[in-house]
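Results of the structural survey
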Amino acid sequence: MHDPRDPALQQWLRSLKPRVELTARYALRAKFASLRADPDFTARITELLHLLQPDSDELAAVLRDAQLVGQAFEPREAMAAPRRARRRHLDG
């Protein structure tokens, strides 16, 4: 993904259920520094938070889910390296 602010992506995000959209937006914001300073992107997150009104447990669950979604943006090689290192540590 080259431009996370692409209008087609933003339209797709808005087509999702609010909790899923919030999760996806947090995942994207974690991966793309440009989105952290984007006022429209941040405003939509704020709108979703007002709409959903998650309690602290639900917000924590959304953030955990966003972290998992964000891992899907990582190249497979980058994800495999820590697993190999853990296996060597456990086997060693």
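Residues numbered from 1 in each chain as written. Predicted model: local features only at pLDDT ≥ 70, side-chain atom pairs only at ≥ 80, totals over all residues. Heavy atoms only, no water.

Another aspect to go through is the overall build of the chain. On a plain count of helices and strands, the chain comes out with six helices and zero strands. By residue count, 27% of the 92 residues in the chain fall in the buried class. At a minimum sequence separation of 6, the contacts of the chain that also span at least 24 residues come to 55%. Surface exposure of the chain reaches about 6700 Å², of which carbon and sulfur atoms provide 55%. (Helix = DSSP H or I, 4+ residues; strand = E, 2+ residues; numbered from the N terminus. Buried < 20%, exposed > 50% of the residue type's maximum accessible area, 1.4 Å probe, protein only. Contact = heavy atoms within 4.5 Å. Areas by Shrake-Rupley, 256 points an atom, 1.4 Å probe, with all protein chains shown as cover.)

All right, on to the side chain of Arg-44 then. For Arg-44, the position within the fold is in helix α4 (residues 39–52). If we skip the residues at most four places from it in the chain, Arg-44 touches Arg-14, Glu-21 and Arg-25.

Where helix α1 (residues 7–15) contacts helix α2 (residues 18–31), the axes come no closer than 8 Å and their chain directions differ by 145°. Where α1 crosses over α2, the handedness of that crossing is right-handed. Only Glu-21, Ala-24, Arg-25 and Leu-28 of α2 make contact with α1, whose side of the interface consists of Leu-9, Gln-10, Leu-13 and Arg-14. For the contact of α1 with α2, a count of residues per class yields four nonpolar, one polar and three charged. (Axes fitted to C-alpha atoms, helices over the stretch in contact; angles between N-to-C directions. Left-handed = near helix turned anticlockwise from the far one by under 90°. Nonpolar A, V, L, I, M, F, W, Y, C, P; charged D, E, K, R; others polar.)

For soluble globular proteins, nonpolar side chains are generally found buried alongside one another. In terms of nonpolar packing, the biggest core is built from 15 residues, with Leu-13, Leu-22, Tyr-26, Leu-28, Leu-35, Phe-41 and Ile-45 touching the most fellow members. Among the elements of the structure, α1, α2, α4 and α5 (56–71) are those that each provide at least two residues to this core. Counting residues per element, this core draws most heavily on α2, at five residues. In contact with Leu-35, other than residues within four places in its own chain, are Pro-4, Arg-5, Leu-28, Arg-29, Phe-41 and Thr-42. (Core = buried A, V, L, I, M, F, W, Y, C linked by side-chain atoms within 4.5 Å.)

Turning our eyes to something else, we now look at the pattern of salt bridges. When the charged atoms of two side chains lie near each other, side chains of opposite charge can form a pair. What the rule picks out here adds up to six salt bridges. A salt bridge links Arg-19 to Glu-58; the shortest N-O distance between them is 2.5 Å. Placement of the pair is Arg-19 in helix α2 and Glu-58 in helix α5, with a sequence separation of 39 residues. Exposure remark for Arg-19: the relative accessible area of 28% places this residue in the partly exposed category. According to the relative accessible area criterion, Glu-58 is partly exposed, its value standing at 31%. The partner of Glu-21 in a salt bridge is Arg-25, and the shortest N-O contact between them spans 2.8 Å. Here Arg-25 and Glu-21 lie together in helix α2, a separation of four residues that amounts to about one turn. Each member of the pair, Glu-21 as well as Arg-25, carries the same accessibility label: buried. (Salt bridge = Lys/Arg side-chain N within 4 Å of Asp/Glu carboxyl O.)

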